[in-house]
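For reference, the chains in residue letters:
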Amino acid sequence: MELKPFDNKVWLSSPTMHGDELKYMTEAYETNWMSTVGANINEVERIACEKIGCRYAVALSSGTAALHMAVKLAGVKPGDKVFCSDMTFDATVNPVVYEGGVPVFIDTERETWNMDPAALEKAFEIYPEVRVVVIAHLYGTPGKLDELKAVCDKHGAVIVEDAAESLGASYRGKQTGTFGQFNCISFNGNKIITGSSGGMLLTDDPEAANKVRKWSTQARENAPWYQHEELGYNYRMSNVIAGVVRGQFPYLEAHIAQKKAIYMRYKEGLKGLPVSMNPYDAVNSEPNFWLSCMLIEEDAMCRQVRSEKEALYISEAGKSCPTEILEDLMKYNAEGRPIWKPMHMQPIYRMHGFVTRDGDGRARTNAYIDGSVVDVGMDIFNRGLCLPSDNKMTPEQQDMIIEVIRRCFE
Ligand SMILES: *Cc1c(COP(=O)(O)O)cnc(C)c1O
């Protein structure tokens with residue numbers, strides 16, 4: 001196969017519009033419902049409830065805003081420790097800090113790359129007082145929800161589910177975003193469907209939904225003037241953005257089917273290489289396949305070192321590493337990305353508690369100075385990468401990408 005750079009960049013995951021988005025945005029414009037009230041907002045909230053299977057959805061300006069509201073609803077107070085997924089995007093965790101909470105990170109399991117229930121159980125032994133657990137579903141793959149929920153129930157903890165990446169994914173026939181008391185989805189530009197921005201708080205609790213409607217519109221009391229008894233936020237979704245979301249929702253299933261086809265094509269195309277795809281529980285769950293990722297076998301890794309902001313590797317016959325593959329993909333105008341760097345390795349959070357399944361019964365801060373102790377999250381970060389997963393990528397383009405990866409191992 002002759003390889004040459006793509007004329008048009010193949011993205012990791014970019015917005016895919018279908019036409020109706022413009023119709024609903026125009027409708028907002030022509031009827032002058034250009035603010036945070038209107039038919040598009042009402043409609044996207046209705047559709048979200050219907051598709052996801054929750055009772056209430058509150059449309060907000062971002063997934064991060066939705067998580068902030070969820071953390072507030074869960075009652076996190078200054079100084080409270082909160083258990084959080086470790087291998088995730090930092091938007092999962094930051095809202096805990098907005099409320100003065102202190103994230104404690106729970107290591108990752110290898111079967112779905114999500115929060116490890118055994119490590120979570122361990123964490124409750126160390127911190128029995130914790131009452132809130134924030135669980136993300138990485139790259140659209142549902143975590144071990146039965147096990148996680150059992151541990152949380154046993155310890156009387158509230159679950160906040162971060163389903164920002166996993167909209168449309170399901171676990172035992174139920175959609176992610178319905179397993180916690182207060183849950184969130186995102187319509188950011190790179191997600192499976194997008195509003196250009198936006199997010200939603202999902203819950204079955206009518207009081208919680210009403211609180212978020214109030215808080216997200218500056219917490220105005222029912223009075224003739226601006227009357228305030230509580231702290232408010234400007235977090236409501238715009239009716240114009242909601243028009244984009246409204247146009248996208250009918251295509252959620254189509255996008256998932258495209259993303260699944262991409263995942264399967266990689267799986268097939270990478271056969272014979274010392275790599276595996278990001279794993280999922282095929283019996284109990286159906287991911288939305290938002291991002292396809294791969295993990296390089298340990299003995300097929302060439303030497304790679306990463307400082308805080310740079311990476312170096314030494315090329316070796318028959319071996320490769322994420323840095324080499326990402327650089328080669330870039331040469332051909334295709335965008336991959338490193339695995340989300342775990343929170344316990346981030347400068348802002350590295351002094352926070354971090355609990356692994358076979359830790360010594362104490363939460364450690366991150367002190368792997370000699371690199372001799374490697375936890376699961378760090379290991380997946382070292383050996384894994386996100387592959388170009390754009391649903392507009394053609395099979396021919398994907399075959400070229402697969403060939404680029406193959407040549408890295410020659
Ligand atoms: C995208 C994302 C968010 C935040 O959503 P925004 O709409 O971008 O604020 C939160 N958590 C995870 C895991 C995400 O990937």
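This structure is a prediction, so every number in the text was calculated from the model and none was measured. (Residues numbered from 1 in each chain as written. Predicted model: local features only at pLDDT ≥ 70, side-chain atom pairs only at ≥ 80, totals over all residues. Heavy atoms only, no water.)

1. Concerning the side chain of Ser-389
Next up, step 1: Tracing the backbone shows Ser-389 in the loop between strand 17 (384–386) and helix 12 (395–408).
Next up, step 2: By relative accessible area, which is 1% here, Ser-389 ends up buried.
Next up, step 3: Excluding residues within four positions of it along the chain, Ser-389 makes contact with Trp-11, Leu-12, Lys-259, Ile-262, Trp-290, Leu-291 and Ser-292. (Helix = DSSP H or I, 4+ residues; strand = E, 2+ residues; numbered from the N terminus. Buried < 20%, exposed > 50% of the residue type's maximum accessible area, 1.4 Å probe, protein only. Contact = heavy atoms within 4.5 Å.)

2. Focus on the site of the ligand
Next up, step 1: Taken together, 15 residues form the shell around the ligand, and within it Thr-64, Asp-162, Glu-165, Ser-186 and Lys-191 come nearest.
Next up, step 2: The contact in question runs from an oxygen atom of the ligand to an N or O atom on the backbone of Gly-63, over 2.7 Å.
Next up, step 3: A distance of 2.5 Å separates an oxygen atom of the ligand from a polar side-chain atom of Thr-64.
Next up, step 4: If the ligand stood free it would expose 380 Å²; the protein chains cover 93% of that surface.
Next up, step 5: Partitioning the shell around the ligand into residue classes produces 4 nonpolar, 8 polar and 3 charged. (Near = heavy atom within 4 Å. Polar contact = N/O pair within 3.5 Å; in protein donor to acceptor, adjacent residues only side chain to side chain. Areas by Shrake-Rupley, 256 points an atom, 1.4 Å probe, with all protein chains shown as cover. Nonpolar A, V, L, I, M, F, W, Y, C, P; charged D, E, K, R; others polar.)

3. Focus: the packing of aromatic side chains
Next up, step 1: Following the criterion strictly, the structure yields 11 aromatic pairs and no others.
Next up, step 2: Arranged with centres 5.5 Å apart and planes meeting at 65°, the rings of Phe-105 and Tyr-349 form a pair that is edge-to-face. Residue Phe-105 is found in strand 3 (residues 102–106), and its partner Tyr-349 is found in the loop between strand 15 (337–338) and strand 16 (354–355); the two are separated by 244 residues along the sequence. Exposure class is identical for Phe-105 and Tyr-349. Each is buried.
Next up, step 3: When the centroid spacing of 4.9 Å and the interplanar angle of 75° are considered together, the rings of Tyr-139 and Trp-340 count as edge-to-face. Of the two residues, Tyr-139 sits in the loop between strand 4 (132–136) and helix 6 (145–154) while Trp-340 sits in the loop between strand 15 and strand 16, which places them 201 residues apart along the sequence.
Next up, step 4: The class of Trp-340 is buried, set by a relative accessible area of 11%. (Phe/Tyr/Trp six-rings, centres within 6.5 Å; stacked < 30°, edge-to-face > 60°.)

4. Some thoughts on the confidence of the model for the chain
Next up, step 1: Looking at the chain as a whole, the pLDDT averages 96, with 96% of positions reaching at least 70.
Next up, step 2: Between residues 367–371, whose pLDDT stays under 50, and residues either more than four places distant or in other chains, the model counts 5 contacts. (pLDDT = per-residue confidence, 0-100.)

5. A few points about the environment of Glu-230
Next up, step 1: Assignment of secondary structure puts Glu-230 in the loop between helix 7 (206–215) and helix 8 (239–248).
Next up, step 2: Along the sequence, Glu-230 and Ala-219 sit 11 residues apart, while their C-alpha atoms lie 6.1 Å from each other.
Next up, step 3: Within the local environment of Glu-230, its side chain forms a polar contact with the side chain of Lys-214, the two groups lying 2.8 Å apart.

6. Details of the environment of Gly-336
Next up, step 1: By secondary structure assignment, the location of Gly-336 is in the loop between helix 10 (322–331) and strand 15.
Next up, step 2: Along the backbone, Gly-336 and Leu-326 are 10 residues apart, and their C-alpha atoms lie at a distance of 5.8 Å.
Next up, step 3: Dropping the residues within four chain positions of it, Gly-336 is found in contact with Leu-12, Leu-326, Cys-386 and Pro-388.

7. Brief notes about unusual backbone geometry
Next up, step 1: Even without glycine at this site, Tyr-139 takes up a positive phi of about 55°.
Next up, step 2: With a relative accessible area of 1%, Tyr-139 lands in the buried category.

8. Some details on the pattern of salt bridges
Next up, step 1: Applying the stated criterion across every chain, the model contains 24 salt bridges.
Next up, step 2: Note that Lys-331 and Asp-328 form a salt bridge whose closest N and O atoms lie 3.1 Å from each other. Of the two residues, Lys-331 and Asp-328 both sit in helix 10, 3 residues apart, roughly one turn of that helix.
Next up, step 3: Owing to a relative accessible area of 56%, Lys-331 belongs among the exposed residues under this scheme. (Salt bridge = Lys/Arg side-chain N within 4 Å of Asp/Glu carboxyl O.)

9. Remarks on the sheet that holds strand 7 (residues 174–175)
Backbone-to-backbone hydrogen bonds join strands into a sheet, with any given pair of strands oriented parallel or antiparallel.
Next up, step 1: Across the sheet, which stays open at both edges, the 3 strands sit in the order 7-6-11 with antiparallel pairing between neighbours. A strand with exactly one partner marks an edge of an open sheet, and here the two such strands are strand 7 and strand 11 (285–286).
Next up, step 2: The pairing of strand 6 (residues 170–171) with strand 7 spans 2 bridges and is classified as antiparallel. The residue of strand 7 that forms the bridge with Tyr-171 is Lys-174. (Pairing = 2+ DSSP bridges.)

10. Section: helix 10
Next up, step 1: Within helix 10, 7 of the 10 residues are buried, which leaves the element mostly enclosed by the surrounding structure.
Next up, step 2: Buried residues of helix 10: Pro-322, Thr-323, Glu-324, Ile-325, Leu-326, Asp-328 and Leu-329, and no others.
Next up, step 3: Looking one or two residues past helix 10, Asn-333 carries a phi angle of roughly 70°, positive in sign.

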